[in-house]
Amino acid sequence: MSHAELPHVLVLGGTTQGRQLAAALAERTAAGDPIGDPSGDPSGVPVRVTSSLAGRVAAPRLPAGDVRIGGFGGVAGLAAWLVAHDVRAVVDATHPYAATMTAHAHAACARVGVPLLRYERPGWSPGPGDEWRRVRTLADAARLADDLGERVFLTIGRQEVAAFADVAAWCLIRAIERPDPPLPARAQLLLDRGPYELAGERELLARWGIDVLVSKDSGGEATAAKLVAAAERGVPVVLVDRPAPPAGLRVVREQPDVLAWLAQTLVG
Ligand code: NAP
């Protein structure tokens, strides 16, 4: 089977999980693995993979395989793209907080009858010494952070920092790129990209005198060290809950479950 004839899988990415999935799929295709038997080892399904990135970051880490960048133009645009590119299955591996893209994928796939799976890494679980306060929204997080401390470490990405525009506390804002305004009146910007090591996170909390940490419940290893460092210093953590997935959307947490689903969907 030529590359163009392989079943086309679209991975909605922008995450470590999406990049790792694209690499796993591209590797199998390059190795010329036979189509897997869905009742047996599901890891041998060769596919043509395209990853989609939103284009928010100027120099993104590009996944293996084909890559397209930029919005689709809403549900209708994505539905048209799926048909035009003969997509056989979609894996939504966007960030747990990319709720709009997830909703659009759900609606578009339903509209054109393309199977969709949501691949979302598990959130974090508190360990001994963790003092986490869970809140539903970023607005709630801003209010609580202001109540809890005076020097806030804000690690919520760059797009929604405006929710903290009115806090009285001083904020250390860490993001990959300059956040969208308005920003808190008293703030220091730290442009950086994970993964972050524990030693560096310890040093950062101490150097800036951080007394409250605000984070999304992103899960994964790359940015978890800040939680350990906060627990060690007795710094409270305000954790913003994940948005709920659309009703009826199948969600898996681990890559082998994605591969098994692809084998079932494409071969079974
Ligand atoms: P979002 O609010 O859910 O989506 C807004 C719009 O951005 C979508 O309607 C879509 O535009 C476009 N879009 C989002 N993800 C896309 C993708 N993978 N490929 C093509 N278009 C995409 O998304 P977001 O929260 O801004 O996240 C944008 C990207 O950053 C995603 O790839 C996500 O995985 C990544 N990311 C997000 C966060 C976070 O905290 N939200 C953190 C780390 C990484 P159209 O309607 O025009 O199709």
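To be clear, the structure that these remarks concern was listed above.
What you see is a predicted model; the values in this text were computed from it and never measured. Chains are numbered independently. Their residues run from 1 in the order of the written sequence. Restriction of local features to residues with pLDDT of at least 70 applies here, the model being predicted, together with a cutoff of 80 or more for giving and counting side-chain atom pairs; totals for whole chains, interfaces and linings are based on all residues. Side-chain numbers come from the whole structure's heavy atoms, not from hydrogens or water.

**Looking at the packing of aromatic side chains**
Each Phe, Tyr or Trp ring (for Trp, its six-membered ring) is paired with any other whose centre lies within 6.5 Å, and the angle between the two planes then decides the class: stacked below 30 degrees, edge-to-face above 60, tilted in between. Counted by the stated rule, this structure contains 2 aromatic pairs. The interplanar angle of 75° and the centroid separation of 5.7 Å between the aromatic rings of Phe72 and Trp81 together place this pair among those described as edge-to-face. When accessible area is computed with a 1.4 Å probe and restricted to protein chains, residues below 20% of their type maximum are described as buried, those above 50% as exposed, and intermediate ones as partly exposed. For Phe72, a relative accessible area of 15% translates into the label buried. For Trp81, a relative accessible area of 15% translates into the label buried. Residues Trp170 and Trp208 carry aromatic rings whose centres are separated by 5.7 Å and whose planes lie at 20° to one another, so their mutual orientation is stacked. With Trp170 in strand 8 (residues 170-175) and Trp208 in the loop between helix 5 (198-207) and strand 10 (212-216), the pair connects residues that are 38 residues apart, well separated along the chain. Across from the ring centre of Phe72, 3.9 Å away, lies the NZ or CZ of Arg68, which sits over that ring. Charges are assigned to positions over rings by a cutoff of 6 Å between ring centre and Lys NZ or Arg CZ, combined with an angular limit of 35 degrees from the ring normal. Above the plane of the ring of Trp170 lies Arg151, whose end atom (NZ or CZ) is 3.9 Å from the centre. Helix numbering and strand numbering both begin at the N terminus, where a helix is a DSSP run of H or I of at least 4 residues and a strand a DSSP run of E of at least 2.

**So, the environment of Gly157**
Tracing the sequence through the fold places Gly157 in the loop between strand 7 (151-155) and strand 8. Given the relative accessible area of 33%, Gly157 is considered partly exposed. Sequence separation of Gly157 and Val237 is 80 residues, and the distance between their C-alpha atoms is 16 Å.

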